[in-house]
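Spelled out from the first residue to the last, the chains are:
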Amino acid sequence: MALLDIRQRTGYLFVGLTVGHIVLISAQVNTARGVPVLEAVTFGVFAEVQRAASTAIGSLRSSWTDYVALQEVRRENERLRTEVAQLQVRLQQERALAERARTLESLLDLRSEAELPTVAATVIAGGASPDFRTMTVDKGTADGVRADMAVIAPAGVVGRVITPTPRAAKVQLLIDRNAAAGALVERSRAQGVAVGTGGELRLDYVSGTADVEVGDTVVTSGIDGIYPKGFVIGQIESVERGQGAFSAIVVRPAVDFSSLEAVLIVVAPPAASAKDAAQGPRE
Amino acid sequence: MKAVAVLIAIALALALQTTLARFLVGGTAAVDLVLVVVVYVALTSGPVTGMFAGSLAGLVQDALSSGIIGVGGLAKSVVGFVTGAIGQQFIVTAALPRLLIFLAATAAHAAVFMGLYVLLGLRSFPSPWAAIASQAVGNAAIGMIAFTLIESLPGVVERRRMRRRL
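Keep in mind the model is a prediction, meaning the values are calculated, not measured. (Residues numbered from 1 in each chain as written. Chains lettered and ligands numbered in written order. Predicted model: local features only at pLDDT ≥ 70, side-chain atom pairs only at ≥ 80, totals over all residues. Heavy atoms only, no water.)

Chemist: Hey, could you run me through the overall build of chain B in this one?
Modeler: Broken down by element type, chain B carries seven helices and zero strands. The order of α-helices and β-strands along chain B, N terminus first, is α-α-α-α-α-α-α. Here chain B holds 166 residues, and 49% of them are scored as buried. Within chain B, residue pairs in contact and separated by at least 24 positions form 67% of the contacts whose partners lie at least 6 positions apart. In the form shown here, chain B has an accessible surface area of approximately 7,900 Å², with 73% of it arising from carbon and sulfur atoms. (Helix = DSSP H or I, 4+ residues; strand = E, 2+ residues; numbered from the N terminus. Buried < 20%, exposed > 50% of the residue type's maximum accessible area, 1.4 Å probe, protein only. Contact = heavy atoms within 4.5 Å. Areas by Shrake-Rupley, 256 points an atom, 1.4 Å probe, with all protein chains shown as cover.)

Listed below in structure tokens is the structure:
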């Protein structure tokens, strides 16, 4: 009876719930440092659900392709895809090497940045809300993954790890509104910051007088300490030189985020790699 | 029993949102399946259930996203409450009113969600109109299909039974 009485006071309930949410939001905004416990626990639990759902869907997809489509063609296709992916990663590394040679960086730096220690991971889920561009991968702290590690794909930069759990990790995509990376225009070396806009990227803080053209390739500059230098971010789609000090530049991401299935997590930050190289060459 | 059904519907929507949405709409996920479930629950069960369903679904969605926990919860509980209240006050069984409610619910959700983030100075949303419009259309389409399927299901089962008897 008492419960029925409370249910009839929907207005009070609504106000109470709203106040509860506001208190919750306020607590986080004022004091949150790092990942909130609630977020980490919920994500850790739900990552297992996502893993199960992904496995179920993966099994359905694979059984369909295995038994209905031509098996040999599929195998050859998979092999060729892997080969292409490896070659593209190699191309990225070669591009990074060539660029560093042009800018006369030291040999030790070259070696350390070209040989990136990576962990291959499979994408098991997309973002839970369309307002945040995130995805979940099947590698976590048990595989050496830590927060703020860069995530790359053969085509270019994907994003960074934000919430690692033992068996999974949440990755913030570079196109998320809260994401950014140090960037430079490969041809002219004009520096800026690539900022996510939800679907594309914006190249901020590039001088209005800088030599920037549509079609130029934008690569990571490495100054953020997260993304290794020389990896492709995207290509410039439009440049507007206004009256301000900076140009308004839109960048089309190199990575097709809708078809991402496997990624590489750079398990050593660029700073650590440089330190390793300074200590001597690796065997 | 109803609470269990609502929980299952929310969990299913979250699982679908995270696993299938990225394959469906070019990775940009122009639909919010969780919001569709909240609106459906609110229209069929009233403002209190809609509010609690929205609150729970939004909180879980917040926790799984990288945002502030509570913003989505508040936005969805407001949408659940208001939608449920409208559903109680007006007749919304025809297709057009339902379509309008899904469109308005998406717009209201975006207004509260984005408004809170902008108010707190945590995110900026330059020219979000196209994204909101596409999400409203996507949500409305899926919501209408869901209503049609769920409402026609008992009739289909009954007709099959009748045919078997004949």
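Chemist: How should I be thinking about the packing of helix α3 (residues 33-45) of chain B against helix α4 (residues 47-64) of chain B in this particular structure?
Modeler: Any two packed helices are characterised by how steeply their axes cross, that is the angle between the axes, and by the distance between the axes. Residues and elements named next belong to chain B. It is at 8 Å that the axes of α3 and α4 come closest, and there the two elements cross at 165 degrees. In terms of their interaxial angle, α3 and α4 are classed as roughly antiparallel. Crossing of α3 over α4 shows right-handed handedness. Residues V34, V38, V41, A42 and S45 of α3 touch α4, and the partners they reach there are T49, G50, A53, G54, A57 and Q61. Of the residues that constitute the contact of α3 with α4, the class distribution is six nonpolar, five polar and no charged. (Axes fitted to C-alpha atoms, helices over the stretch in contact; angles between N-to-C directions. Parallel < 35°, antiparallel > 145°, perpendicular 65-115°, else oblique. Left-handed = near helix turned anticlockwise from the far one by under 90°. Nonpolar A, V, L, I, M, F, W, Y, C, P; charged D, E, K, R; others polar.)

Chemist: Whenever I open this one, the interface of chain B and chain A confuses me. Can you help?
Modeler: Interfaces are frequently sized by the accessible area removed from exposure as the parts join. With 47 residues of chain B at the contact, the number on the chain A side is 41 residues. Surface buried jointly by chain B and chain A totals about 4,000 Å² across both partners, of which 67% is contributed by carbon and sulfur atoms. In this structure, the connection of chain B to chain A is made through one salt bridge. Here R123(B) makes a salt bridge to D176(A), at a shortest N to O gap of 3.7 Å. For the pair chain B and chain A, the number of links is six residue pairs in polar contact (both at pLDDT 80 or more). Elements represented by at least two residues in the side of chain B that touches chain A include exactly α1 (2-19), α2 (21-24), α4, α5 (71-89) and α6 (95-120) of chain B. Along the lines of polarity and charge, the residues of the side of chain B that touches chain A split into 26 nonpolar, 18 polar and three charged. (Buried area = accessible area lost by both parts, 1.4 Å probe. Salt bridge = Lys/Arg side-chain N within 4 Å of Asp/Glu carboxyl O. Polar contact = N/O pair within 3.5 Å; in protein donor to acceptor, adjacent residues only side chain to side chain.)

Chemist: Could you clarify how one ought to interpret unusual backbone geometry in this entry?
Modeler: Most peptide bonds are trans, and most residues other than glycine sit at a negative phi. All names here are of chain A. The phi dihedral of R189 falls on the positive side, at around 65 degrees, and the residue is not glycine. Looking at the element boundaries, R189 is found in the loop between β6 (180-185) and β7 (191-196). Classification of R189 by relative accessible area gives partly exposed; the value is 25%. For Y205, which is not glycine, the phi torsion reads 60 degrees and is therefore positive. Relative to the elements of secondary structure, Y205 occurs in the loop between β8 (201-204) and β9 (217-220).

Chemist: Would you mind showing me how to read the nonpolar core here?
Modeler: One recurring pattern in soluble globular proteins: nonpolar side chains tend to sit buried together. Counting 45 residues, the largest nonpolar core has M135(A), V137(A), V158(A), L203(A), L260(A) and V263(A) as its most contacted members. Among the nonpolar cores identified, the runner-up in size contains 18 residues, and L17(A), I25(A), I68(B) and L116(B) belong to it. (Core = buried A, V, L, I, M, F, W, Y, C linked by side-chain atoms within 4.5 Å.)

Chemist: Where do I start with the packing of aromatic side chains in this structure?
Modeler: Ring pairs (aromatic) are described by centroid distance and by the angle formed between their planes. Scanning the model with the defined rule gives seven aromatic pairs over all chains in all. Ring centres 4.1 Å apart and planes at 15 degrees place the aromatic pair F14(A) and F81(B) in the stacked group. Here F81(B) lies in helix α5 and F14(A) lies in helix α2 (residues 10-31), a pairing that spans two chains. Neither F14(A) nor F81(B) differs from the other in exposure class; each is buried. Between F113(B) and Y117(B), the aromatic rings sit 5.1 Å apart at their centres with planes inclined by 55 degrees, giving tilted as the arrangement. Taken together, the positions of F113(B) and Y117(B), both in helix α6 and four residues apart, correspond to about one turn of that helix. (Phe/Tyr/Trp six-rings, centres within 6.5 Å; stacked < 30°, edge-to-face > 60°.)

Chemist: Looking at this model, I keep getting lost on α6(B). Mind explaining?
Modeler: Note on helix geometry: an α-helix contains 3.6 residues per turn, so any two residues three or four positions apart are oriented the same way. All names here are of chain B. An ideal rise of 1.5 Å per residue puts 38 Å on 26 residues; α6 measures up with 38 Å between its terminal C-alpha atoms. Every buried residue of α6 is listed here: R98, I101, F102, A105, T106, H109, A110, F113, M114, L116 and Y117. At the C-terminal side of α6, G121 shows a positive phi close to 70 degrees. (Expected span 1.5 Å × (residues − 1).)

Chemist: Looking at this structure, how should I read the environment of T134(A)?
Modeler: Of note, T134(A) is situated in strand β2 (residues 134-137). Measuring from C-alpha to C-alpha, the distance between T134(A) and V161(A) comes to 9.6 Å, with 27 residues separating the pair along the chain. Those residues in contact with T134(A) that lie beyond four places of it in its chain are G126(A), G127(A), I162(A), K170(A), V171(A), Q172(A), L173(A) and S66(B).

Chemist: Looking at this structure, I do not really get the side chain of R51(A). What am I missing?
Modeler: Along the chain, R51(A) turns up in helix α3 (residues 37-67). Not counting residues within four places of it along the chain, the set of residues in contact with R51(A) comprises I124(A), D138(A), R167(A) and A168(A).

Chemist: Help me understand the pattern of salt bridges, please; the structure alone is not making it clear to me.
Modeler: Pairs may arise between side chains of opposite charge once their charged atoms sit close together. One pass over the full model with this rule turns up 13 salt bridges over all chains. In this structure, the salt-bridge partner of K139(A) is D138(A), at a minimum N-O distance of 3.8 Å. On the basis of relative accessibility, which here comes to 19%, the residue D138(A) falls in the buried class. The closest approach of N and O atoms between D32(B) and K76(B), which form a salt bridge, is 3.2 Å. Of this pair, D32(B) sits in the loop between α2 and α3 while K76(B) is found in helix α5, placing the two residues 44 residues apart along the sequence. With respect to class, D32(B) is no different from K76(B); both count as buried.

Chemist: I keep staring at the packing of α4(B) against α5(B) and nothing clicks. Help me out?
Modeler: Residues and elements named next belong to chain B. At a minimum axis separation of 7 Å, α4 and α5 run at an interaxial angle of 160 degrees. One element, α4, and the other, α5, form an angle in the roughly antiparallel class. Like other packed secondary-structure pairs, α4 and α5 cross with a definite hand, here right-handed. From α4, P47, G50, M51, G54, S55, G58, L59, Q61 and D62 reach across to α5, where they touch V71, G72, G73, K76, S77, G80, F81, G84, A85 and Q88. Class assignment of the residues belonging to the contact of α4 with α5 gives a composition of six nonpolar, eleven polar and two charged.

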